[in-house]
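Here is how the chains run, residue by residue.
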There are 2 protein chains.
Amino acid sequence: MSATNTNVPDPILATDDECPVREILDRVGDKWSVLIVCLLGRRVHRFSELHRGIDGISQRMLTLTLRALVRDGLVDRTVHAAVPPRVDYELTELGRTLLVPLSALDQWATAHRSDIQAARERYDNA
Amino acid sequence: MSATNTNVPDPILATDDECPVREILDRVGDKWSVLIVCLLGRRVHRFSELHRGIDGISQRMLTLTLRALVRDGLVDRTVHAAVPPRVDYELTELGRTLLVPLSALDQWATAHRSDIQAARERYDNA
DNA sequence: CAGCATCCGTGGAGATACTG
DNA sequence: CAGTATCTCCACGGATGCTG
């Protein structure tokens, strides 16, 4: 079953009671987390920058998602005592390591976007 | 900002209007898709095998998720004319390539599971 | 500026029962 | 066995208004 015409390996992923992949997807597979991580992967952002940078996100969801990311140790939040207030968000070391597997997914998505699109159209015409 | 004490690169992910990563997460970041893909990554499964193999999934969600995976060209469905009926599901070539970035995520999750756990406890005690 | 509080609509997902 | 068909519920997320 692994004998195909490609040289793509067949990684074995744990699927028992709690699959590690699903664990992170539960915390990063939501609507906004990855977008935020991507933006912060480029540089430090303050709250309003993220709000403007992520199209369609509400203030509420930005707040909630950031809080979750901070809680999980993926993002650092630093409040600058100043008037007006200024809060900076940046990836932690841990968050930066997450960029690696994410970019792998990104490359896959970019490479096979059209394949999926084609498969879907094929399916829908039936 | 990329100058840290690790040798982890800083991949730049597209975050514009439609980020490719988010696109697949929309289709594979749901509750069951990845689990199914993981199982099928090991070998062909029939419907009832998947149902038993994935703890907690309902017949309904298994059906719906499989249909979506088939539609996107990640899974092949073959009906064997027999009594009782028998339907086999297996990864397509495209689906098998997806295992690669998924296993990257899996490795990250496995490696940093405890880090996240620790960060969360630290956060909650405050 | 950077949030928090509140209300509310939607659809993702579970439970159950039925069928080719 | 491998699904469909309904009903239902709740959590995700949007909109709006208010504060240190």
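Residues numbered from 1 in each chain as written. Chains lettered and ligands numbered in written order. Predicted model: local features only at pLDDT ≥ 70, side-chain atom pairs only at ≥ 80, totals over all residues. Heavy atoms only, no water.

K.L.:
How would you summarise the protein's contact with DNA strand C if you had to cite specific residues and measurements?
P.N.:
Around DNA strand C there are 19 residues in total, and A:Ser48, A:Arg67, A:Arg77, A:Tyr89 and B:Met61 lie nearest to it. A breakdown of the atoms of DNA strand C within 4 Å of the protein gives sugar and phosphate a share of 60%. Between DNA strand C and the protein, one listed contact pairs a phosphate oxygen with a side-chain N or O atom of A:Arg77 at 2.3 Å. Taking A:Pro85, its main chain carries an N or O atom lying 3.3 Å from a sugar or linking oxygen of DNA strand C. Secondary structure elements with two or more residues in the surface near DNA strand C: helix 3 (47–53), helix 4 (59–71) and strand 3 (86–91) of chain A together with helix 4 (59–71) of chain B. Of the residues forming the surface near DNA strand C, the biggest block, 4 residues, is contributed by helix 4 of chain A. Looking at the surface near DNA strand C, its residues break down into 8 nonpolar, 4 polar and 7 charged. (Near = heavy atom within 4 Å. Polar contact = N/O pair within 3.5 Å; in protein donor to acceptor, adjacent residues only side chain to side chain. Helix = DSSP H or I, 4+ residues; strand = E, 2+ residues; numbered from the N terminus. Nonpolar A, V, L, I, M, F, W, Y, C, P; charged D, E, K, R; others polar.)

K.L.:
Quick one: what's the story with the relation of the copies chain B and chain A, residue by residue and with numbers?
P.N.:
Laying chain B over chain A is done by rotating through 180 degrees and shifting 0.0 Å along the axis; what remains is an RMSD of 0.1 Å. Such values leave the two copies arranged in the relation of a two-fold axis. Within chain B, the C-alpha atom positioned nearest to the axis of rotation is that of B:Gly29, 2.6 Å from it. The overlap is high: 100% of the interface residues of chain B also sit at the interface in chain A, so the same surface is used on both sides. (Least-squares fit on C-alpha atoms with pLDDT ≥ 70 in both. Contact = heavy atoms within 4.5 Å.)

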